[in-house]
Amino acid sequence: MNIQTASRLSLLLLLAPLGLWLVVLIVLPHVDMFLISLHEKTAPRVFEYGTANYTEFFTEPLYWRTFTRTAVMSIMATTLTLLIGFPVSYYIAKMLRGRLKSFLFLLCLVPFWVSELVRTFGWMILLRESGVISNVLQWVGIAQGPVEMLYNDATIMIGLVYTSMLFMVVPLVSTLDSLDDSLVEAGYDLGGNAFTVLRRIIIPHAMPGIVSGCIVVFMLTLGNYLTPVLLGGKNSLWFTEMIYTQFITRFNWELGAAFGFLLLVLSSLIVWSGLKLSRQTLTETMG
Amino acid sequence: MNDTTDKAATFDLECRNLVRRFGDFVAVDDVSFGIPQGDFFSILGPSGCGKTTILRMMAGFLQPTSGDILIKENSVLDMPPNRRPVNMVFQQLALFPMMSVGENIAYGLQRKGLGKSDIADKVRSALDRIGLPGSGDKSIKQLSGGQQQRVAIARCLVLEPAALLLDEPLGALDLKLREHMKIELKKMQDKFGTTFIYITHDQSEALVMSDHVAVMNEGHFEQIGTPQDLYYHPDTAFVAAFVGETNRWHGRVEQINKDGIKVVTADGVPLLATSAGGEQHQAGAEVDIFVRPESVVIATDADRVSSMDNRITGDLVSILFNGANSRALIRDRQTGGELDVALPQTGEFSHLKRGQEVHLGWGMAQAKAFAALTDSGTKEVGT
């Protein structure tokens, strides 16, 4: 065996676990899901192929409205996370040095030491009618009676931004870290003010970080189940809830699979148009 | 130039009693100087001497602890960097990689609020002047190191600043390109007529390009003068040691004659020298004696140097051949110290062999004695 075939073989062996993982856990289930989504029930345990599940989605307003709502709210949550995360990241990456820097970075990570379920219950303890904030407001005298802050869109938004923050801050800090301070100084030196330096130098430099942060946050938000269900309750439907209901409660795997596929198409479409709008490529932002 | 010599002159840029402390550390210690319009002014000093701190204070990125900075006779201390009429060329150039070459040059002009066609004209003429016509749409990465250098300078010069601040901009280039850029920078300064303030630790950069050089050490200026002044008439031992190549002896003054002093080194070698730096050394004072390699006469025949004030017999250690700048390293027989001697350009000594006996001699006037340096930066010939 010569060296060339040997090195090709070792490359194949190294790639094997990744390939296996992709095929067994991602590709195969999705192929199966797609096939299931094309099943039409004609009689108990009798199916034929057709697009009835997809037609049902478009004809039933509850389905596609929840779908659009989820997409719009995910985009809003992503934007909000970016707006809050950017100054935070800039502060960590550029203003701080040494131990304080790693300490603040660690602080962003600390909430992830407890499970998402517990974190969400934490928010519920704060925001519910008999919760901490409601009691404080009554005690101070601002509110006359108990205030219910759970089960609305604003609460979902808070929860989503909170759970996503780390995934925005990490890529932003690493791209901002690589921004040479002298570029910012040169921006000022040549007559720029804070706004022009931000617009012409800092943001273009951080663009790969912004886009990759946004993609990750958007995907996580769109596919989030726990936060919208617990904080939104019955007043705020999330599309993942619909998928769950079809699979588990209604036992309608065919429609659930169709929903799952639509969600996949939607997220791919939005990420693709986001990349086109920001003139970035996937390899550039993820590489 | 120096405000003690010419008080009436107006300066493009002036620093008065500038002090900057970082905690207990004094980075810049009471520095005053003025730079006339169109001057190429260098601040030369070893790394960590505070020269970059001065430059950053002029640019406005650092506030002085005390003292004043004046541009065209107006104090600029309250002016943020983006409004100061000085521009800076950074050590790593800091060209904006997210913009094209043309956009880099246009950036400052846009900030001034110039019209689109005006900016396009200025960018085009700037690119012509730096020898890169038609490169406006190229990305920064497509340019070579020297071309990037020129763009970084042009980007500042289109703004017609009162002074251009350059922070060791040649440091990142390789040797050959650096030699070339030295000449190019000097030409560019002539062409634009802008005042240049150039920071460097490389004495040859400072000597070749500058009209005036300030030698800086541990936060203060040792001497300000023309390159010739610094080389031939250093004021302090530090300047004598730092600027140019030199041989150094350390010793004690034994006797004061009417035109010189007699110094005896620790090895007991007597040397004749002249007091320099405006000091008159007393008998018993510790001094450093500096002799330039080109002041030493080298001969194979003892008679050729017999009339010289100082004479040494030594063995050739090696010849450091470098064309017209070739030098010989010679070990003193008596003390074992090594001397650096310039070889005449005629090539008559090119046949010298290792270990051969040579005779060295130099005049008293070429040996300059300064009060001893506390911290010896250069190696000594013998003690």
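Residues numbered from 1 in each chain as written. Chains lettered and ligands numbered in written order. Predicted model: local features only at pLDDT ≥ 70, side-chain atom pairs only at ≥ 80, totals over all residues.

Student: It is not clear to me how the overall build of chain B should be interpreted in this structure. Could you clarify?
Tutor: Secondary structure assignment for chain B yields eight helices and 20 strands. Along the three orthogonal principal directions, the C-alpha set of chain B runs to about 75 × 45 × 35 Å. With 383 residues in all, chain B has 42% of them scored as buried. Within chain B, counting contacts between residues at least 6 apart in sequence, those at least 24 apart form 68% of the total. (Helix = DSSP H or I, 4+ residues; strand = E, 2+ residues; numbered from the N terminus. Buried ≥ 20, exposed ≤ 12 C-beta atoms within 10 Å, placed from the backbone. Contact = placed C-beta atoms within 7 Å.)

Student: How should I be thinking about the overall build of chain A in this particular structure?
Tutor: The helix and strand tally for chain A stands at 13 helices and two strands. Over its C-alpha trace chain A gives a radius of gyration of 24 Å, far above what one expects of a compact globule, namely 19 Å for 287 residues. If you line up chain A on its principal axes, its C-alpha atoms span 80 × 75 × 35 Å. Scored against the burial criterion, the 287 residues of chain A give a buried share of 28%. Nonlocal contacts in chain A, meaning residues at least 24 apart in sequence, comprise 69% of its contacts between residues at least 6 apart. (Rg over C-alpha atoms; globule rule 2.2 N^0.38 Å.)

Student: Looking at this structure, I do not really get the pairing of strand E19 (residues 357-362) of chain B. What am I missing?
Tutor: Residues and elements named next belong to chain B. The buried fraction of E19 amounts to five of the six residues, a majority that puts the element mostly inside the structure. Across three bridges, strand E15 (residues 297-299) lies against E19 in antiparallel orientation. Across the sheet, the residue bridging to Ile298 is Leu360, located in E19. Pairing of strand E16 (residues 310-320) with E19 involves six bridges; the strand directions are antiparallel. Looking across to E19, one finds that Asp315 is bridged to Glu357. (Pairing = 2+ DSSP bridges.)

Student: Help me understand the sheet that holds E15(B) in this model?
Tutor: What holds strands together in a sheet is hydrogen bonding between their backbones, with the strands either parallel or antiparallel. All names here are of chain B. Strand order in the open sheet formed by five strands is E15-E19-E16-E17-E18, with antiparallel pairing between adjacent strands. The open sheet has two free edges, formed respectively by E15 and strand E18 (338-342), since each of these has just one partner strand. Here the strands of the sheet are splayed against their neighbours by 40° on average, with no regard to which way each runs. (Axes fitted to C-alpha atoms, helices over the stretch in contact; angles between N-to-C directions.)

Student: In this structure, what is going on with the interface of chain A and chain B? I would like to understand it.
Tutor: Contact with chain A, which involves 16 residues of that partner, is made by 17 residues of chain B. Listed by contribution, the elements that provide at least two residues to the side of chain A that touches chain B are helix H8 (181-189) and helix H9 (194-222) of chain A. The leading source of residues in the side of chain A that touches chain B is H8(A), at six residues. Considering only residue class, the side of chain A that touches chain B consists of six nonpolar, six polar and four charged. (Nonpolar A, V, L, I, M, F, W, Y, C, P; charged D, E, K, R; others polar.)

Student: Whenever I open this one, the packing of helix H3 (residues 61-95) of chain A against helix H7 (residues 153-177) of chain A confuses me. Can you help?
Tutor: To describe two helices that pack against each other, one gives the angle between their axes and the distance between the axes. All names here are of chain A. Contact geometry of H3 with H7 gives a least axis separation of 6 Å together with a crossing angle of 40°. Between H3 and H7, the angle is such that the two are oblique. For H3 against H7, the interelement crossing comes out right-handed. Tallied by class, residues from the contact of H3 with H7 come to 20 nonpolar, four polar and three charged. (Parallel < 35°, antiparallel > 145°, perpendicular 65-115°, else oblique. Left-handed = near helix turned anticlockwise from the far one by under 90°.)

Student: Explain the sheet that holds strand E8 (residues 195-200) of chain B to me, please; I cannot follow it from the model alone.
Tutor: Residue and element names in this part refer to chain B. The sheet built from six strands is open, its strands ordered E6-E7-E8-E3-E9-E10 with mixed pairing. The open sheet is flanked by strand E6 (86-89) and strand E10 (220-225), the only strands paired with a single partner. Averaged over all adjacent pairs, the angle separating strand axes in this sheet is 20°, with direction ignored. Taken together, the five bridges between strand E9 (residues 212-217) and E10 define a ladder with antiparallel strand orientation. Within E10, the position partnered with Ala214 by the bridge is Ile224. Helix-sheet contacts for helix H1 (residues 51-59) involve strand E3 (40-44), E6, strand E7 (163-167), E8 and E9, and the interaxial angle to E7 is about 145°.

Student: Just checking my understanding: could you explain the pairing of strand E20 (residues 368-371) of chain B for this structure?
Tutor: Regular strands place their side chains on alternate faces of the sheet. All names here are of chain B. Two elements, strand E13 (residues 270-275) and E20, share two bridges in a ladder whose sense is parallel. Each bridged residue has a counterpart across the sheet, and for Thr274 the counterpart in E20 is Lys368. Where strand E14 (residues 286-291) meets E20, four bridges bridge the pair, whose relative direction is antiparallel. Across the sheet, the residue bridging to Asp288 is Phe370, located in E20.

Student: What is the right way to look at the environment of A:Ser164 in this model?
Tutor: Residue and element names in this part refer to chain A. Tracing the backbone shows Ser164 in helix H7. Take Ser164: there are 28 C-beta atoms within 10 Å of it, and that puts it in the buried class. Sequence separation of Ser164 and Leu220 is 56 residues, and the distance between their C-alpha atoms is 7.4 Å. Residues within four places of Ser164 in sequence aside, it is in contact with Ala77, Thr81, Val217, Leu220 and Thr221.

Student: Looking at this model, I keep getting lost on the domain arrangement of chain B. Mind explaining?
Tutor: How large an interface is tends to be reported as the accessible area lost when its parts come together. Partitioning chain B into structural domains gives domain 1 (13-237) and domain 2 (245-371). Its C-alpha centre places domain 1 of chain B at a distance of 39 Å from the equivalent point of domain 2 of chain B. (Domains from an automatic or database assignment.)

Student: Hey, could you run me through the nonpolar core in this one?
Tutor: Residues B:Val89, B:Leu165, B:Val215 and B:Ile289 are the most contacted members of the largest nonpolar core, which totals 138 residues. Taken domain by domain, this core gets at least three of its residues from each of domain 1 (13-237) and domain 2 (245-371) of chain B. Setting aside its immediate chain neighbours within four residues, B:Ile289 contacts B:Arg248, B:Trp249, B:Gly251, B:Val263, B:Leu271, B:Ala273, B:Ala367, B:Lys368 and B:Ala369. A:Tyr63, A:Phe239, A:Leu255 and A:Phe259 belong to the second-largest nonpolar core, a separate cluster that totals 11 residues. (Core = buried A, V, L, I, M, F, W, Y, C linked by C-beta atoms within 7 Å.)

Student: Which parts of the structure should I look at to understand the confidence of the model for chain B?
Tutor: In regions of low pLDDT, the predicted coordinates are not meant to be interpreted in detail. Residues and elements named next belong to chain B. For chain B, per-residue confidence averages 87 on the pLDDT scale, and residues scoring 70 or more make up 95% of the total. Per-element confidence in chain B is highest for E3, whose mean pLDDT is 95, and lowest for helix H5 (residues 175-192), whose mean pLDDT is 86. In the predicted structure, residues 1-8 sits below a pLDDT of 50 and forms seven contacts with residues beyond four places in sequence or in another chain. Interface confidence in the predicted complex, given as ipTM, is 0.80; pTM for the same model is 0.80. (pLDDT = per-residue confidence, 0-100.)

Student: Sorry if this is basic, but what is going on with unusual backbone geometry here?
Tutor: Leave glycine aside and you will find that most residues have negative phi; peptide bonds, for their part, are mostly trans. All names here are of chain B. Unusually for a residue other than glycine, Glu168 sits at a positive phi of about 40°. Note on placement: Glu168 falls in the loop between E7 and H5. One non-glycine residue with positive phi stands out, namely Glu218, at about 45°. For Glu218, the location among the structural elements is in the loop between E9 and E10.

Student: What exactly am I supposed to notice about the environment of B:Leu93 here?
Tutor: Tracing the chain through its elements places B:Leu93 in the loop between E6 and helix H2 (101-111). When the C-alpha atoms of B:Leu93 and B:Asp229 are compared, they prove to be 31 Å apart, with 136 residues separating the residues in sequence.

Student: Mind showing me how you'd approach the environment of A:Arg65 here?
Tutor: Residues and elements named next belong to chain A. Residue placement: Arg65 occurs in helix H3. Take Arg65: there are 11 C-beta atoms within 10 Å of it, and that puts it in the exposed class. For the pair Arg65 and Leu237, spaced 172 residues apart in sequence, the C-alpha separation works out to 9.7 Å.

Student: Even after reading the chapter, I still don't get helix H4 (residues 98-109) of chain A, so can you show me in this structure?
Tutor: In this model H4(A) runs 17 Å from its N-terminal to its C-terminal C-alpha over 12 residues, within 8% of the 16 Å that 1.5 Å per residue would give. Of all the 12 residues making up H4(A), zero are buried; the element is thus mostly uncovered. (Expected span 1.5 Å × (residues − 1).)

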